[in-house]
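# Survey of secondary and tertiary structure
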Amino acid sequence: MAGFSGDETAPFFGFLGAAAALVFSCMGAAYGTAKSGVGVASMGVMRPELVMKSIVPVVMAGVLGIYGLIIAVIISTGINPKAKSYYLFDGYAHLSSGLACGLAGLSAGMAIGIVGDAGVRANAQQPKLFVGMILILIFAEALALYGLIVGIILSSRAGQSRGD
């Protein structure tokens, strides 16, 4: 491979990190959207006037996929072994970055889906529960935000393995 500098297998781990960030975050987003969407549909049969108010968990779950996309773009733009040396340290930093963001997004999506499903159904029966449901959803979304922040920090560590 002409012009390649660094470890030849290192980009594999970097691209695996980018894929993991996007795939796991989107799995969380899909699960959260589907699970809370079922709750919205079920609740909409009893109280159709509350459907638009109850769409909040679906929107919050959809944001999780964007977190994974952000990290995947950051990682993939940092992998260019012909322009700058890319070592195993860099690949592992990108892999850990993608896994941190992706798995945090997956777990947040599961939490949002379960809380969203139960929350919108409960809100249909007792409207005073809406604020409590929103607070729980915010805390679940914060889990994915923690993964995004750690993913950005870990990704920024790539390129610091050697002094070149």
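Owing to the predicted nature of the structure, the values given are computational and were not obtained by experimental measurement.

### Describing the UniProt feature "transmembrane region" (unreviewed entry) in the protein chain
In this numbering, the UniProt entry assigns the feature "transmembrane region" (unreviewed entry) to residues 12–34, 55–75, 95–117 and 129–154. Helix makes up 95% of residues 55–75 and strand 0%, whereas the separation of the span's terminal C-alpha atoms amounts to 32 Å. Its end C-alpha atoms 32 Å apart, residues 95–117 is made of 100% helix and 0% strand.

### Some remarks on the UniProt feature "domain: V-ATPase proteolipid subunit C-like" (unreviewed entry) in the protein chain
This chain's UniProt record puts "domain: V-ATPase proteolipid subunit C-like" (unreviewed entry) on residues 16–75 and 96–154. Overall, residues 16–75 shows 85% helix and 0% strand. The separation of its end C-alpha atoms is 10 Å.

### Some points on the nonpolar core
By size, the foremost hydrophobic cluster in this structure holds 26 residues, and its most contacted members are Leu64, Tyr67, Ile71, Ile112, Met133 and Leu137. Contributions of two or more residues to this core are made by helix 1 (10–46), helix 2 (56–77), helix 3 (88–125) and helix 4 (130–157). If you tally residues by element for this core, the top one is helix 2, at 8 residues. In contact with Leu137, not counting residues within four places along its chain, are Pro57, Met60, Ile112, Val115 and Gly116.

### Re the environment of Gly28
Residue position: Gly28 is located in helix 1. Given the relative accessible area of 0%, Gly28 is considered buried. It is 3.8 Å that separates the C-alpha atoms of Gly28 and Leu106, two residues lying 78 residues apart in sequence. Setting aside residues up to four positions removed in sequence, Gly28 forms contacts with Leu64, Gly105, Leu106 and Gly109.

### Thoughts on the packing of aromatic side chains
As enumerated under the stated definition, the model contains 2 aromatic pairs in all. Summarising the aromatic geometry, the rings of Phe12 and Phe13 are spaced 5.3 Å apart at their centres and angled 75 degrees between planes, so their arrangement reads as edge-to-face. Overall, the relative accessible area of 53% leaves Phe12 in the exposed class. The rings of Phe12, Phe13 and Tyr92 are connected pair by pair, giving a single aromatic cluster.

### What about the packing of helix 2 against helix 3?
Between two packed helices, what matters for the description is the angle formed by their axes and the separation of those axes. Relative orientation of the contacting elements helix 2 and helix 3 amounts to 175 degrees, with a least axis distance of 9 Å. As judged from the angle between their axes, helix 2 and helix 3 are roughly antiparallel. Contact residues: helix 2 offers Pro57, Met60, Ala61, Leu64, Tyr67, Gly68, Ile71 and Ile75, while helix 3 offers His94, Ser97, Gly98, Cys101, Gly105, Ala108, Gly109, Ile112, Gly116 and Val120. Among the residues making up the contact of helix 2 with helix 3, the classes are represented as 11 nonpolar, 7 polar and no charged.

### Considering helix 2
With 22 residues, helix 2 should cover 32 Å at 1.5 Å per step; its first-to-last C-alpha distance of 33 Å lies within 8% of that length. The complete set of buried residues in helix 2 reads Pro57, Val58, Met60, Ala61, Leu64, Gly65, Tyr67, Gly68, Ile71, Ala72 and Ile75. The secondary structure elements touched by the buried residues of helix 2 are helix 1, helix 3 and helix 4.

Conventions and cut-offs
Residues numbered from 1 in each chain as written. Predicted model: local features only at pLDDT ≥ 70, side-chain atom pairs only at ≥ 80, totals over all residues. Heavy atoms only, no water. UniProt positions renumbered as here; feature names shortened; annotations may be inferred. Helix = DSSP H or I, 4+ residues; strand = E, 2+ residues; numbered from the N terminus. Core = buried A, V, L, I, M, F, W, Y, C linked by side-chain atoms within 4.5 Å. Buried < 20%, exposed > 50% of the residue type's maximum accessible area, 1.4 Å probe, protein only. Contact = heavy atoms within 4.5 Å. Phe/Tyr/Trp six-rings, centres within 6.5 Å; stacked < 30°, edge-to-face > 60°. Axes fitted to C-alpha atoms, helices over the stretch in contact; angles between N-to-C directions. Parallel < 35°, antiparallel > 145°, perpendicular 65-115°, else oblique. Nonpolar A, V, L, I, M, F, W, Y, C, P; charged D, E, K, R; others polar. Expected span 1.5 Å × (residues − 1).

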